[in-house]
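Summary of the model geometry
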Amino acid sequence: LALGAGAEALFSRSVARVWDPATRSHATVRQRLAGIALRSGLAVAALAAFVVGSIGALLAFRWPPVLREIVIGYLVAFLILRSAMIVARVVTAPEDEPLRILPMSDAAARFWYRRIVLFVGWFAFGWVTVTLLRTLGMPAETRQIVAYALGLGLLAIGLESVWRHPPPETAGDPYARRMHRDLGNGLLGIYFAVLWLLWVADAIPLFWLTVVVAALPAALQVARRSVAHLLRPAGAAGSAEDMPVFQIVSIERGIRAVLIIGTALLLAHVWRIDLTAMAMSDSFATRLLRGALS
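Residues numbered from 1 in each chain as written. Predicted model: local features only at pLDDT ≥ 70, side-chain atom pairs only at ≥ 80, totals over all residues. Heavy atoms only, no water.

Attention now moves to the overall build of the protein chain. If you tally the helices and strands in the protein chain, you get 10 helices and zero strands. Taken from the N to the C terminus, the helices and strands of the protein chain come in the order α-α-α-α-α-α-α-α-α-α. The buried share among the 294 residues of the protein chain stands at 30%. Long-range contacts, defined as pairs at least 24 residues apart, comprise 65% of the intrachain contacts of the protein chain with a sequence gap of at least 6. For the protein chain, the exposed area adds up to about 18300 Å²; of that, 70% sits on carbon and sulfur atoms. (Helix = DSSP H or I, 4+ residues; strand = E, 2+ residues; numbered from the N terminus. Buried < 20%, exposed > 50% of the residue type's maximum accessible area, 1.4 Å probe, protein only. Contact = heavy atoms within 4.5 Å. Areas by Shrake-Rupley, 256 points an atom, 1.4 Å probe, with all protein chains shown as cover.)

Rendered as structure tokens:
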């Protein structure tokens, strides 16, 4: 980890002149998109430098088999965490509002960046830990207790994020807004608890269906708002007629198609539906399944 971090620091210092947000203009849509692409590319390149440094250090030594598996496992977990940090920073841009993909306040951007990183880090290191406990010979019942405890940690992070996230700045009656927010937070809390119970009960197909029912509409809404936010006119002078409507519609519909098709493929995989065999068959049951997925 130290050598990987050193390699990443050297890379970041070498390209510091390429990326300096204070000296770059983001007045137009083209400049805004170019800034996001450049920052994302540099972040991925820095992660690649970390991977080269850390894996090079790993391959430079001969490890006992069990210790090697432990080191590789936690190195993979750390890489997942670093990848989540890159994606969350690109999406929320806590310190750089002009390059923020999702429209939100600075406080909300910092809040969601930290919660996304915490959730992914807890999941990654917990998953690796439970996997390595099997390698170390821990009984299955004990591993399940550890996994359920780590799952409670994920549930706690989700509930805390729901109840403490900064509210959006909207007009209207403050009492009505608070009632609406409390109702939504309560329903989300119940939803997360149901997900945890389905996971504990090993009802994996129903678990993923419950995830999709709420996650897909939310993802479509986020995609729509993000595209409109990124392609908004420069400054406050632009009017609705200045919006690149064709580009917005094209990109939004393309993202929507990818999300819907990806969700259908995910459900088909979880439910162990052989799409090739289903396409070749013409029974009543396969016609129903094809219709449902379509």
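We are not done yet, so read on.
Predicted confidence across the protein chain gives a mean pLDDT of 84, with 90% of residues reaching 70 or more. The spread of mean pLDDT over the elements of the protein chain runs between helix H9 (residues 275-280), the lowest at 70, and helix H4 (residues 106-135), the highest at 94. Considering only residues more than four positions removed or in separate chains, one finds that residues 236-242, a stretch of pLDDT under 50, has four contacts. (pLDDT = per-residue confidence, 0-100.)

Our next topic: the nonpolar core. Of all hydrophobic cores here, the largest spans 11 residues; its members are Ile36, Leu47, Phe50, Leu58, Leu75, Leu79, Ile86, Val90, Leu99, Ile101 and Leu230. Among the elements of the structure, helix H2 (29-59) and helix H3 (65-92) are those that each provide at least two residues to this core. Not counting the four nearest positions on each side in its chain, leucine 75 is found in contact with Leu1, Phe50, Ser54, Ile55 and Leu58. In this structure, Tyr191, Leu195, Leu198 and Val211 belong to the second largest nonpolar core, which totals five residues. (Core = buried A, V, L, I, M, F, W, Y, C linked by side-chain atoms within 4.5 Å.)

Our next topic: unusual backbone geometry. Within the chain, alanine 93 stands out as a residue other than glycine whose phi angle is a positive 45°. Residue placement: alanine 93 occurs in the loop between H3 and H4. Its relative accessible area of 0% is what places alanine 93 among the buried residues.

This brings us to the packing of aromatic side chains. What describes a pair of aromatic rings is the distance from one ring centre to the other and the angle between the planes of the rings. All told, the structure shown has seven aromatic pairs when counted by the stated rule. Between tyrosine 74 and phenylalanine 125, the aromatic rings sit 6.1 Å apart at their centres with planes inclined by 25°, giving stacked as the arrangement. Linking tyrosine 74 in helix H3 with phenylalanine 125 in helix H4, this pair joins segments that are 51 residues apart in sequence. The class of tyrosine 74 is partly exposed, set by a relative accessible area of 29%. Phenylalanine 125 sits in the partly exposed class, given a relative accessible area of 27%. With 5.2 Å between their ring centres and 90° between their planes, phenylalanine 111 and tryptophan 112 make a pair best called edge-to-face. Looking at tryptophan 112, the relative accessible area reads 29%, which means it is partly exposed. (Phe/Tyr/Trp six-rings, centres within 6.5 Å; stacked < 30°, edge-to-face > 60°.)

Our next topic: the packing of H3 against H4. Across the interface, H3 lies against H4 with an axial gap of 9 Å and an inter-helix angle of 165°. Relative to H4, H3 is oriented roughly antiparallel. Of the two possible hands of crossing, H3 and H4 adopt the one that is right-handed. Residues that form the contact of H3 with H4 fall into these classes: 18 nonpolar, five polar and two charged. (Axes fitted to C-alpha atoms, helices over the stretch in contact; angles between N-to-C directions. Parallel < 35°, antiparallel > 145°, perpendicular 65-115°, else oblique. Left-handed = near helix turned anticlockwise from the far one by under 90°. Nonpolar A, V, L, I, M, F, W, Y, C, P; charged D, E, K, R; others polar.)

Looking now at a nonpolar patch on the surface. On the surface, Ile72, Val76, Ile80, Phe123 and Trp127 cluster together into a nonpolar patch covering about 440 Å² of accessible area. Those elements that place two or more of their residues in the nonpolar patch are H3 and H4. Looking at the nonpolar patch, the element that brings in the most residues is H3, giving three residues. Tracing the chain through its elements places phenylalanine 123 in helix H4. (Patch = residues over 30% accessible without salt bridge, like charges linked within 9 Å, V, L, I, M, F, W, Y side chains within 5 Å. Salt bridge = Lys/Arg side-chain N within 4 Å of Asp/Glu carboxyl O.)

Our next topic: H4. For H4, built from 30 residues, the straight-helix expectation of 44 Å at 1.5 Å per residue is met to within 8% by its first-to-last C-alpha distance of 44 Å. With its phi angle positive at about 85°, glycine 137 sits one or two positions after the end of H4. (Expected span 1.5 Å × (residues − 1).)

Before going further, it helps to examine the pattern of salt bridges. Side chains that carry opposite charge are capable of pairing whenever their charged atoms lie near each other. Using the criterion set out here, one finds seven salt bridges in the structure. In this structure, arginine 82 engages glutamate 8 in a salt bridge whose closest nitrogen and oxygen atoms are separated by 2.3 Å. Linking arginine 82 in helix H3 with glutamate 8 in helix H1 (residues 2-14), this pair joins segments that are 74 residues apart in sequence. Each member of the pair arginine 82 and glutamate 8 is classed as buried. Measuring nitrogen to oxygen at the nearest pair gives 2.9 Å for the salt bridge that ties arginine 256 to glutamate 252.

Here the focus is the environment of leucine 42. Relative to the assigned elements, leucine 42 resides in helix H2. For leucine 42, a relative accessible area of 18% gives the class buried.

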